[in-house]
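# Topology and contacts: notes
Spelled out from the first residue to the last, the chains are:
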Amino acid sequence: MGRNGRDIRVWLALAAVYVVWGSTYLAIKFAIETLPPLISGGLRFVAAALVLGAVLLLRRGTAPFRVTARQCGGAALVGLLLLTAGNGLVGVAEQHISSGLAALLVASVPLWLVVFRTVVRDRPHVLTLAGVLVGFVGVAGLTLGGGASASGVGIGAVLLASLAWSLGSFISPRIAMPEDPFAASAIEMAAGGAGMLLLALCTGERVHLTAVSASSWAAVAYLVLFGSLVAFTSYVWLLGNAPISLVSTYAYVNPVVAVVLGVIVLGEDVTTAMIVAGALIVVGVALVVSTERARPAPETEPGEAEPGEAALETGRRP
């Protein structure tokens, strides 16, 4: 099938990416109520990697996992950046800040990617740079006035998470990776989850099973099945069956979904300053995405990522 934005399956898959990925911030909040953040995240990604790996083996045999040591190492490195540092620090941050604030700050990832491109002497379009400027004004607004529930530790952790996620997304198309995206994701999740569990051990996180609530276990199960499998599978399918300009819209829809769910389910406070700053981030990201996708594609060598591609690869969020 071609990339058809009118296919009902496209909109069903897009709805899954919008709602499920937007809801993961709320699910993390429930998971860390009685589970340490790194342990809960580690369990999530190791379990998801095992499930995805088992499905691939049953349906396609060992072919997807026939990768070189270099490809496996590349996927593991990306997993450590995206998941151990990225998702792991989001879980740590949500111990101190609201899920909505965390989602709004994470929405700045495409802006950081443009910064990385500029550092390596790629020349983004002037409108792309304008979007980055607008978005970072919003980030500064959230950082300086994120509401009564905000804390410096939480904001700092989520900003570091965004940087780690951006770096992982930036290097992903530039290093050796498994050709099969599902195999790459399984390796990323296995490495990222193992990294979280090791870090949890080093930082002294412990689980007291009798103290873990049913809602925390349910949240982890939701994150494994829906956040790490359903939404990611939908996203991969969309990349091959829908216009990329349409798929990219998840980057600025997810934070809106996260904020709304945080208010409705948890009663999180949303101040006028947060709304204005968050809107600036969303507008900045939308400007970056729309400008980069509108640019004509330059000639590239086979297998080489186009200059604008890394700026819009906001990270596979398995």
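### Quick notes on the side chain of Thr-84
Assignment of secondary structure puts Thr-84 in helix 3 (residues 69-93). Relative accessible area serves as the criterion here: at 12%, Thr-84 is assigned to the buried category. Residues within four places of Thr-84 in sequence aside, it is in contact with Gly-79, Leu-89, Ala-191, Gly-192, Gly-195 and Met-196.

### Looking at the environment of Val-288
On the secondary structure map, Val-288 appears in helix 12 (residues 272-294). Its relative accessible area of 0% is what places Val-288 among the buried residues. C-alpha of Val-288 to C-alpha of Leu-111: the two residues are 177 residues apart in sequence and 7.6 Å apart in space.

### Let's talk about helix 2 (residues 37-60)
The terminal C-alpha atoms of helix 2 lie 34 Å apart, and with 24 residues this matches the ideal 34 Å at 1.5 Å per residue to within 8%. Gly-61 lies just past helix 2 and shows a positive phi near 70 degrees.

### What about the packing of aromatic side chains?
Enumeration over the complete set of coordinates arrives at seven aromatic pairs. Look at Phe-182 and Phe-232: their rings are 6.1 Å apart centre to centre, the planes differ by 80 degrees, and that puts the pair in the edge-to-face class. Of this pair, Phe-182 sits in helix 8 (residues 181-202) while Phe-232 sits in helix 9 (residues 214-241), and the two are 50 residues apart along the sequence. Like Phe-232, Phe-182 is buried.

### Brief notes about the nonpolar core
With 65 residues, the main nonpolar core has Leu-105, Leu-142 and Val-158 as its most contacted residues. A total of eight residues in this core trace back to one element, the largest contributor, which is helix 7 (residues 152-171). In this structure, Val-158 is in contact with Val-90, Ala-93, Ile-97, Ala-102, Leu-105 and Val-106, ignoring residues within four places of it in sequence. In terms of nonpolar packing, the next biggest core, distinct from the first, is built from 14 residues, Leu-14, Ala-231, Leu-246 and Tyr-250 among them.

### A look at the environment of Ser-108
Positionally, Ser-108 belongs in the loop between helix 4 (99-106) and helix 5 (109-119). As for Ser-108 and Val-282, which are separated by 174 residues in sequence, their C-alpha atoms are 8.2 Å apart. Those residues in contact with Ser-108 that lie beyond four places of it in its chain are Val-139, Ser-162 and Ile-281.

### Here's the deal with the environment of Ala-221
Of note, Ala-221 is situated in helix 9. C-alpha separation for the pair Ala-221 and Arg-44, spaced 177 residues apart in sequence, amounts to 7.5 Å.

### Digging into the packing of helix 4 against helix 11 (residues 250-266)
Across the interface, helix 4 lies against helix 11 with an axial gap of 8 Å and an inter-helix angle of 175 degrees. Regarding the angle of helix 4 to helix 11, the classification is roughly antiparallel. Counted together, Ser-99, Gly-100, Ala-103 and Leu-104 of helix 4 and Pro-255, Ala-258, Val-259, Gly-262 and Leu-266 of helix 11 form the full contact between these two elements. Among the residues making up the contact of helix 4 with helix 11, the classes are represented as six nonpolar, three polar and no charged.

Parameters at a glance
- Residues numbered from 1 in each chain as written.
- Predicted model: local features only at pLDDT ≥ 70, side-chain atom pairs only at ≥ 80, totals over all residues.
- Heavy atoms only, no water.
- Helix = DSSP H or I, 4+ residues; strand = E, 2+ residues; numbered from the N terminus.
- Buried < 20%, exposed > 50% of the residue type's maximum accessible area, 1.4 Å probe, protein only.
- Contact = heavy atoms within 4.5 Å.
- Expected span 1.5 Å × (residues − 1).
- Phe/Tyr/Trp six-rings, centres within 6.5 Å; stacked < 30°, edge-to-face > 60°.
- Core = buried A, V, L, I, M, F, W, Y, C linked by side-chain atoms within 4.5 Å.
- Axes fitted to C-alpha atoms, helices over the stretch in contact; angles between N-to-C directions.
- Parallel < 35°, antiparallel > 145°, perpendicular 65-115°, else oblique.
- Nonpolar A, V, L, I, M, F, W, Y, C, P; charged D, E, K, R; others polar.

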